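Given next are the chains, with one letter for each unit.
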Amino acid sequence: NAGVTQTPKFQVLKTGQSMTLQCAQDMNHNSMYWYRQDPGMGLRLIYYSASEGTTDKGEVPNGYNVSRLNKREFSLRLESAAPSQTSVYFCASSGDRGDGPQHFGDGTRLSIL
Amino acid sequence: EDQVTQSPEALRLQEGESSSLNCSYTVSGLRGLFWYRQDPGKGPEFLFTLYSAGEEKEKERLKATLTKKESFLHITAPKPEDSATYLCAVLYGGSQGNLIFGKGTKLSVKP
């Protein structure tokens, strides 16, 4: 029962470097999401994809880009990493046209020096 | 302003000591309220969905209830393994992006 798989689990970057966080789900869900979780801030939505071929901004999209590669995969890219993007990133997916519960991966812990 | 507030921020219980966690919300057009459990170093794990006022859901020692303004997560006779952070999230309005998470309640259950 893989559910939602995120890679890598940990990453350290230098300011200005770029990287892509990968996410894949095996639940045949249409909707996928990227969040960041910071101490005292709760989970905040970065981008989401309601279906294959569509993406929309969430609460905190600046500095990020996303790609819905196919129904299973949704990637998050940091083009030029900044220390303010140090966080734990979670990917999630949901069925039921987005009204159902979201199922989360175990996160990517990203530090930017 | 649309918002979700959880209280208390932290709760320490003795094993067997029942209590409740609160999630109050102010949003327009509630579509669903979700409860999650999050263990350190892990992603949130789905517990319950509530869609309308008066609805209740139960699972083992946990029971979730919903009114028009708030939801409660009741924990009956908790055990140390119930220790975790409990998150609530509210889906509202017409967009799938309209999902607000509360900051969570960190529950510690001592033997």
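Refer to the structure above for everything that follows.
Residues numbered from 1 in each chain as written. Chains lettered and ligands numbered in written order. Predicted model: local features only at pLDDT ≥ 70, side-chain atom pairs only at ≥ 80, totals over all residues. Heavy atoms only, no water.

A. The overall build of chain A, seen in detail. Tallying secondary structure elements over chain A gives zero helices and 11 strands in all. Secondary structure elements in chain A, listed N-terminal to C-terminal, are β-β-β-β-β-β-β-β-β-β-β. Seen through its C-alpha atoms, chain A measures out along the principal axes to roughly 40 × 25 × 25 Å. Looking at chain A as a whole, 50% of its 113 residues are labelled buried. Once local pairs closer than 6 in sequence are excluded, the contacts in chain A between residues at least 24 apart make up 55%. Of the roughly 5300 Å² of accessible surface on chain A, a fraction of 47% belongs to carbon and sulfur atoms. The average position of the 11 basic charges and that of the 10 acidic charges among the side chains of chain A differ by 6 Å. (Helix = DSSP H or I, 4+ residues; strand = E, 2+ residues; numbered from the N terminus. Buried < 20%, exposed > 50% of the residue type's maximum accessible area, 1.4 Å probe, protein only. Contact = heavy atoms within 4.5 Å. Areas by Shrake-Rupley, 256 points an atom, 1.4 Å probe, with all protein chains shown as cover. Lys, Arg positive; Asp, Glu negative; His and termini not counted. Charge placed at Lys NZ, Arg CZ, Asp CG, Glu CD.)

B. Structural view of the state of the cysteines. Evaluation of the coordinates by the stated rule reveals two disulfides over all chains. In this model, cysteine 23 of chain A is linked to cysteine 91 of chain A through a disulfide, with the two sulfur atoms separated by 1.9 Å. Sign of the S-S torsion, about -75 degrees for the bond between cysteine 23 of chain A and cysteine 91 of chain A, identifies this disulfide as left-handed. Of this pair, cysteine 23 of chain A sits in strand 3 (residues 19-25) while cysteine 91 of chain A sits in strand 9 (residues 87-94), and the two are 68 residues apart along the sequence. The partner cysteine of cysteine 23 of chain B in its disulfide is cysteine 88 of chain B, sulfur to sulfur 1.9 Å. Linking cysteine 23 of chain B and cysteine 88 of chain B, the disulfide has an S-S dihedral of approximately 70 degrees and is accordingly described as right-handed. Of this pair, cysteine 23 of chain B sits in strand 3 (residues 19-26) while cysteine 88 of chain B sits in strand 9 (residues 84-92); the two residues are 65 residues apart in sequence, bridging distant segments of the chain. Accessibility assignment for this pair places cysteine 23 of chain B and cysteine 88 of chain B in one class, buried. (Disulfide = S-S within 2.5 Å.)

C. Local environment of the sheet that holds strand 3 of chain A. All names here are of chain A. The strand order across the open sheet formed by four strands is 1-3-8-7, and the pairing between neighbours is antiparallel. With one partner strand each, in any of the chains shown, strand 1 (4-7) and strand 7 (64-68) form the two edges of the open sheet. Sheet twist, expressed as the average angle between the axes of neighbouring strands with direction ignored, equals 20 degrees. The sheet contact formed by strand 7 and strand 8 (residues 74-78) spans five bridges and is antiparallel. Bridging across to strand 8, valine 66 finds its partner in leucine 76. (Pairing = 2+ DSSP bridges. Axes fitted to C-alpha atoms, helices over the stretch in contact; angles between N-to-C directions.)

D. Molecular detail of the nonpolar core. Core analysis: the largest hydrophobic core is formed by 25 residues, its most contacted members being Trp35, Leu73 and Tyr86 of chain B. Put simply, the parts of the chain that give this core at least two residues each are strand 2 (10-14), strand 3, strand 4 (30-38), strand 5 (45-50), strand 7 (62-66), strand 8 (70-75), strand 9 and strand 11 (105-110) of chain B. If you tally residues by element for this core, the top one is strand 9 of chain B, at five residues. Setting aside residues no more than four positions away along its own chain, leucine 73 of chain B makes contact with Ser19, Ser20, Leu21, Trp35, Phe48, Leu62, Lys63, Ala64 and Tyr86 of chain B. Residues Met19, Tyr47, Phe74 and Ile112 of chain A belong to the second largest nonpolar core, which totals 20 residues. (Core = buried A, V, L, I, M, F, W, Y, C linked by side-chain atoms within 4.5 Å.)

E. Geometry of the pairing of strand 9 of chain A. Residue and element names in this part refer to chain A. Counted residue by residue, strand 9 has eight buried out of eight residues, so it is predominantly covered. With burial as the criterion, each face of strand 9 is covered, one bearing Ser87, Tyr89, Cys91 and Ser93 and the other bearing Val88, Phe90, Ala92 and Ser94. The pairing of strand 4 (residues 31-38) with strand 9 spans seven bridges and is classified as antiparallel. Looking at strand 9, one finds that tyrosine 35 is bridged to phenylalanine 90. Summarising the sheet, strand 9 and strand 11 (residues 108-112) pair through three bridges and their orientation is antiparallel. For tyrosine 89, the partnering residue across the bridge sits in strand 11 and is threonine 108. Sheet topology note: the strand 9/strand 10 (residues 103-104) ladder contains two bridges and is antiparallel. Considered in strand 10, the bridge of alanine 92 is made with phenylalanine 104.

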